[in-house]
Amino acid sequence: MNYHQYYPLDVLNGPGTRATLFVSGCEHQCRGCYNQSTWDVRSGHLFDEAMLSRIIDDLNDPRIRRRGLSLSGGDPLLPANLAGITELVARVRSHCPGKDIWLWTGYRLESLTEAQLALASRVDVIVDGPFEQGLADRRLKFRGSSNQRIFCRSGDGFVPWREES
């Protein structure tokens, strides 16, 4: 798996202060995408053990409390990214107790493959659906177009996200 960008401190991609990883590779190639440079699965940098360790260290840094990890792209649920993202999520779960994980994907929740759903079930929040330029709205929180939906993991499934008060 490759990644395009890593932000150890981010306040835009999910609630609170977070660490955010933008992976390489996206088959949706949405018109008007602000992150077109991430479409090629071969672009960016190799995601290796050193980067994985850096993310874990940043999430556990007591000097700057981070609420969690955000995974975007590209598309973290692109089949070519599943193994790398699954390993990252497993390590965050085991080494960063109390941290939440948000994931953005152009796939719709109901169309995920068994492998994609297995990974999705390990994150806390999923923002699904392709960006649609005609439905773009800068007032939307945590999504670019009104067709995109936000779901929270609940038991064995997902429920619509309700903004915290």
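See above for the structure.
Q: Hey, could you go over the overall build of the chain for me, with residue numbers and the actual values?
A: Helix and strand content of the chain: three helices and eight strands. Listing each helix as α and each strand as β along the chain from the N terminus yields β-β-β-α-β-α-β-α-β-β-β. Here the C-alpha radius of gyration of the chain, 15 Å, is about what a compact globule of 165 residues would show, namely 15 Å. Every one of the 165 residues in the chain was classed for burial, and the buried ones make up 47%. Partitioning the intrachain contacts of the chain with sequence separation of at least 6 by distance along the chain shows that 60% fall at a separation of at least 24. For the chain, the computed accessible surface area is about 8600 Å², with 51% contributed by carbon and sulfur atoms. For the chain, the separation between the mean place of its 20 positive charges and that of its 20 negative charges on side chains is 5 Å.

Q: Lay out the packing of aromatic side chains in plain terms, naming residues and giving numbers.
A: Counted by the stated rule, this structure contains six aromatic pairs. Ring centres of W102 and W161 lie 5.5 Å apart, and the angle between their planes is 80 degrees; on these two criteria the pair is classed as edge-to-face. In this pair, W102 sits in strand 5 (residues 100-104) while W161 sits in the segment after strand 8 (157-160), placing the two residues 59 residues apart along the sequence. Take W102: its relative accessible area is 2%, and that puts it in the buried class.

Q: Lay out the sheet that holds strand 4 (residues 68-72) with the relevant residues and their values.
A: In any sheet, the strands associate via hydrogen bonds between backbone groups, in a parallel or an antiparallel arrangement. Taken in spatial order, the eight strands line up as 3-1-2-4-5-6-7-8 in an open sheet, and their pairing is mixed. The open sheet has two edge strands, strand 3 (45-46) and strand 8, and neither has a second partner. In this sheet, strand 8 lies alongside strand 7 (residues 149-154) in antiparallel orientation, the contact comprising four bridges. Looking at strand 8, one finds that C152 is bridged to V159. Its contacts with the sheet put helix 1 (residues 49-59) on strand 1 (2-10), strand 2 (18-23) and strand 4, and the angle it makes with strand 1 is roughly 15 degrees. The strands that helix 2 (residues 82-95) touches are strand 2, strand 4, strand 5 and strand 7; relative to strand 4, the one it contacts most, it runs at about 170 degrees.

Q: Run through the nonpolar core, naming residues and quoting values.
A: In terms of nonpolar packing, the biggest core is built from 31 residues, with L21, F47, I55, L69, L71, L88 and V92 touching the most fellow members. Residues in contact with I55, not counting those within four places in the same chain, are Y6, L21, F47, L69 and L88.

Q: Any details on the pattern of salt bridges? Residues and values, ideally.
A: Tallying each qualifying case throughout the model produces 13 salt bridges. Between D124 and R93 there is a salt bridge, and its shortest N-O distance comes to 2.8 Å. Taken together, the positions of D124 in the loop between helix 3 (114-120) and strand 6 (125-128) and R93 in helix 2 put the pair 31 residues apart, joining distant regions of the chain. The salt bridge partner of D137 is R139, with a shortest N-O separation of 3.0 Å. Take R139: its relative accessible area is 76%, and that puts it in the exposed class. When salt bridges with common partners are traced through the structure, they connect R108, E110, D128 and R149 into a single cluster.

Parameters at a glance
Residues numbered from 1 in each chain as written. Predicted model: local features only at pLDDT ≥ 70, side-chain atom pairs only at ≥ 80, totals over all residues. Heavy atoms only, no water. Helix = DSSP H or I, 4+ residues; strand = E, 2+ residues; numbered from the N terminus. Rg over C-alpha atoms; globule rule 2.2 N^0.38 Å. Buried < 20%, exposed > 50% of the residue type's maximum accessible area, 1.4 Å probe, protein only. Contact = heavy atoms within 4.5 Å. Areas by Shrake-Rupley, 256 points an atom, 1.4 Å probe, with all protein chains shown as cover. Lys, Arg positive; Asp, Glu negative; His and termini not counted. Charge placed at Lys NZ, Arg CZ, Asp CG, Glu CD. Phe/Tyr/Trp six-rings, centres within 6.5 Å; stacked < 30°, edge-to-face > 60°. Pairing = 2+ DSSP bridges. Axes fitted to C-alpha atoms, helices over the stretch in contact; angles between N-to-C directions. Core = buried A, V, L, I, M, F, W, Y, C linked by side-chain atoms within 4.5 Å. Salt bridge = Lys/Arg side-chain N within 4 Å of Asp/Glu carboxyl O.

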